[in-house]
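# Fold and contact review
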Amino acid sequence: MSEIKDVVLEYIKEEYLDEDEDMDINFDTPLISGGIVDSFSMVSLKRFLETKYKIQIPDGKATPEAFDSVTNIFQLLKDFNVK
Amino acid sequence: MAFGKKEREHLTNELKGIVNDGIFKEERIICAPQNSEIDVIFPAGTDEKKVINMCANNYLGLSSHPDVVEAARKGLDHRGYGMSSVRFICGTQDIHKELEDKLTKFLGTEDTILFPSCMDANAGVFESFMTEEDVMIADRLVHASIVDGMRLCKAMTDTYKHSNMDHLEKKLILHEDKRLKLIITDGSFSMDGDLAKLDKIVELAEKYNALVFVDDSHSSGFIGKTGRGTHEHFDVVGKIDIITTTLGKALGGASGGCVSGRKEIVEMCRQKARPYLFSNSIAPVIVAASNKVIDMVSESTERRDKLEDNTKFWRKGLTEAGFIIKDGETPIVPVMLFNAKLSQDFAKDLYSEGIYAIGFFFPVVAKGQARIRTQLSAAHDMEHLEKALAAFIKIGKKYDILNKTKEEIIAKYGN
């Protein structure tokens with residue numbers, strides 16, 4: 001379980017934080033509402049999850065709420081039986 | 001009445017929130033033509049004050065140039081005041097077509113379409129030719145008007161870290177399956193004054209079969225050895241598929257913008273771009289003056305050369321005085337202060353010294369990146385710049401920030 005969370009957290013750090021940014025984020029850091037991931041950039045995260053876990057997330061489920069923290073994303077992945 | 005007490009209270013509270021957040025914007029009233037020296041009333045109710053203008057986009061000093069004003073006057077006499085029509089009904093005069101042809105030649109593209117502003121050009125261009133099967137990949141610091149244009153378009157959106165070519169390449173690989181891939185960037189970034197790496201972007205576009213879009217609003221007329229823009233600076237003229245730019249900055253400073261590029265894309269804009277189809281034609285007086293401006297910048301590089309000299313003097317002077325400025329070569333020169341309040345206090349003191357420049361802070365720039373943004377003009381003479389530099393140094397000493405590191409300034413004032 002925590003392995004999936006770690007993978008997602010690592011991707012978010014690399015994808016959305018600048019190298020010189022001294023911000024630390026954890027599983028519960030608000031990503032969309034906290035301004036770390038904007039709505040334009042959410043597509044990368046969605047495509048990453050789909051490719052990594054071989055799933056298709058319908059647009060209706062790829063909501064800002066579902067993507068707003070690593071914990072929320074983990075919950076979403078559970079719906080797709082990702083273990 | 002629908003707009004009653006409850007509605008008024010709601011909006012009053014919203015406005016109070018903007019004030020409390022420190023982002024309430026106030027207009028300074030200028031009682032003179034736009035120029036390097038202007039008469040300003042600020043705050044409201046005070047006397048007019050003559051100040052040196054260090055914050056206009058009047059890069060070539062053409063906003064009030066007598067030849068441009070004369071061309072506008074002739075345009076008014078010969079083609080009237082307004083068109084009372086959109087372009088495709090009865091709003092296209094011979095001078096509109098003349099200006100589109102001149103811009104095409106000046107920018108080195110295939111065709112050009114005028115819009116009421118570059119904001120409108122950016123709002124209309126993407127949705128005119130891109131759909132769900134396509135992807136737009138934008139630099140994360142592109143101008144707000146591009147962000148709005150992308151929102152209006154149904155194509156997939158993605159971003160890459162500012163000027164990070166490795167990250168852009170990853171995104172091009174990620175979206176390789178899409179029909180049209182469009183890389184979107186500003187030419188000069190208006191807050192930091194840095195240039196997009198257009199040579200590298202074009203290389204990646206060719207490698208991954210993508211198109212390139214550049215908003216050159218802060219470049220057209222003065223970047224590149226003959227002022228054609230960032231594509232001339234990076235020697236990629238003819239390789240940029242879409243250039244949007246404005247007539248509201250260096251090129252006369254009135255208003256109007258355009259999409260210039262591949263003729264099929266321009267034609268799609270003529271058929272489908274909503275700000276073109278549903279907004280009035282640019283007024284003849286502005287079109288006539290803009291035709292004169294393009295003639296002037298095509299015939300001589302004298303004004304962009306003076307701007308370049310002014311920029312070198314200003315960047316060197318600030319650096320030698322011990323300020324931290326953003327590296328670059330454009331006439332947008334941010335003086336870094338890091339702390340929001342310090343940027344506001346510094347701008348206020350500059351104004352007292354007769355220098356008009358604006359402090360920017362979050363959310364306009366990133367947190368901890370507050371600065372005074374200065375902008376040079378060919379209308380500045382050496383005496384203006386020497387006076388402005390002396391004022392910056394005087395105030396820099398007052399706040400004890402000269403020859404200090406970023407960390408030292410933050411330790412003193414916070415970020």
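Analysis parameters
- Residues numbered from 1 in each chain as written.
- Chains lettered and ligands numbered in written order.
- Predicted model: local features only at pLDDT ≥ 70, side-chain atom pairs only at ≥ 80, totals over all residues.
- Helix = DSSP H or I, 4+ residues; strand = E, 2+ residues; numbered from the N terminus.
- Expected span 1.5 Å × (residues − 1).
- Contact = placed C-beta atoms within 7 Å.
- Domains from an automatic or database assignment.
- Nonpolar A, V, L, I, M, F, W, Y, C, P; charged D, E, K, R; others polar.
- pLDDT = per-residue confidence, 0-100.
- Pairing = 2+ DSSP bridges.
- Axes fitted to C-alpha atoms, helices over the stretch in contact; angles between N-to-C directions.
- Buried ≥ 20, exposed ≤ 12 C-beta atoms within 10 Å, placed from the backbone.
- Parallel < 35°, antiparallel > 145°, perpendicular 65-115°, else oblique.
- Left-handed = near helix turned anticlockwise from the far one by under 90°.

## Brief notes about helix α13 (residues 302-321) of chain B
Residues and elements named next belong to chain B.
- Along its 20 residues, α13 runs 29 Å from first to last C-alpha, staying within 8% of the 28 Å computed at 1.5 Å per residue.
- Here the buried face of α13 lies against β11 (332-338) and α15 (382-398).
- One or two steps after α13, the chain reaches Gly-322, where phi turns positive at roughly 105 degrees.

## Considerations on the domain arrangement of chain B
All names here are of chain B.
- With domains assigned, chain B is organised as domain 1 (22-53 + 302-413) and domain 2 (66-299).
- When each unit is reduced to the centre of its C-alpha atoms, the spacing between domain 1 and domain 2 is 29 Å.
- Across the contact, 12 residues belong to domain 1 and 13 residues belong to domain 2.
- Secondary structure elements with two or more residues in the side of domain 1 that touches domain 2: α13 and β11.
- Top element by residues in the side of domain 1 that touches domain 2 is β11. It accounts for three residues.
- Classifying every residue of the side of domain 1 that touches domain 2 by side-chain character gives six nonpolar, three polar and three charged.

## Focus on the confidence of the model for chain B
- Taken over all residues, the pLDDT of chain B has a mean of 96, while the share at 70 or more is 100%.
- Overall fold confidence for the complex sits at a pTM of 0.93, while the interface term, ipTM, reaches 0.82.

## Side note on the sheet that holds strand β14 (residues 370-375) of chain B
Residues and elements named next belong to chain B.
- Here we have three strands laid out as an open sheet, ordered β11-β14-β13, and antiparallel in their pairing. Because the sheet does not close on itself, it has two edges, and the strands there are β11 and β13 (358-360). Here the strands of the sheet are splayed against their neighbours by 30 degrees on average, with no regard to which way each runs.
- Bridging between β11 and β14 involves six bridges; their strand directions are antiparallel. Bridge pairing in β14 places Phe-338 opposite Ala-370.

## Here's the deal with the sheet that holds strand β12 (residues 355-356) of chain B
Residues and elements named next belong to chain B.
- With mixed pairing, four strands are arranged side by side in an open sheet as β1-β2-β3-β12. Of all strands in the sheet, those bounded by a partner on one side alone are β1 (29-30) and β12.
- Pairing analysis gives four bridges linking strand β2 (residues 37-41) to strand β3 (residues 49-53), with the strands arranged antiparallel. Bridging from a neighbouring strand, Glu-37 pairs with Ile-52 of β3.

## Quick word on the pairing of strand β4 (residues 111-115) of chain B
All names here are of chain B.
- The buried fraction of β4 is high, at four of five residues.
- Strand direction decides the pairing type here: β4 and strand β10 (residues 257-261), joined by five bridges, are antiparallel. Considered in β10, the bridge of Ile-113 is made with Val-259.

## Details of the environment of Gln-56 of chain A
- With respect to the helices, strands and loops of the structure, Gln-56 of chain A is situated in the loop between α2 (42-53) and α3 (70-79).
- Counting along the chain gives 24 residues from Gln-56 of chain A to Phe-80 of chain A, while the straight-line C-alpha distance between them is 8.8 Å.

## As for the packing of helix α4 (residues 94-107) of chain B against helix α12 (residues 284-299) of chain B
Residues and elements named next belong to chain B.
- Two elements in contact, α4 and α12, have axes whose closest approach is 9 Å; the angle formed by their N-to-C orientations is 30 degrees. Between α4 and α12, the interaxial angle falls into the category roughly parallel. Along this stretch, α4 crosses α12, giving a crossing that reads as left-handed. Across the interface between the two elements, Ile-95, His-96, Glu-98, Leu-99, Lys-102, Leu-103 and Phe-106 from α4 touch Pro-284, Val-287, Ala-288, Ser-290, Asn-291, Ile-294 and Ser-298 from α12.

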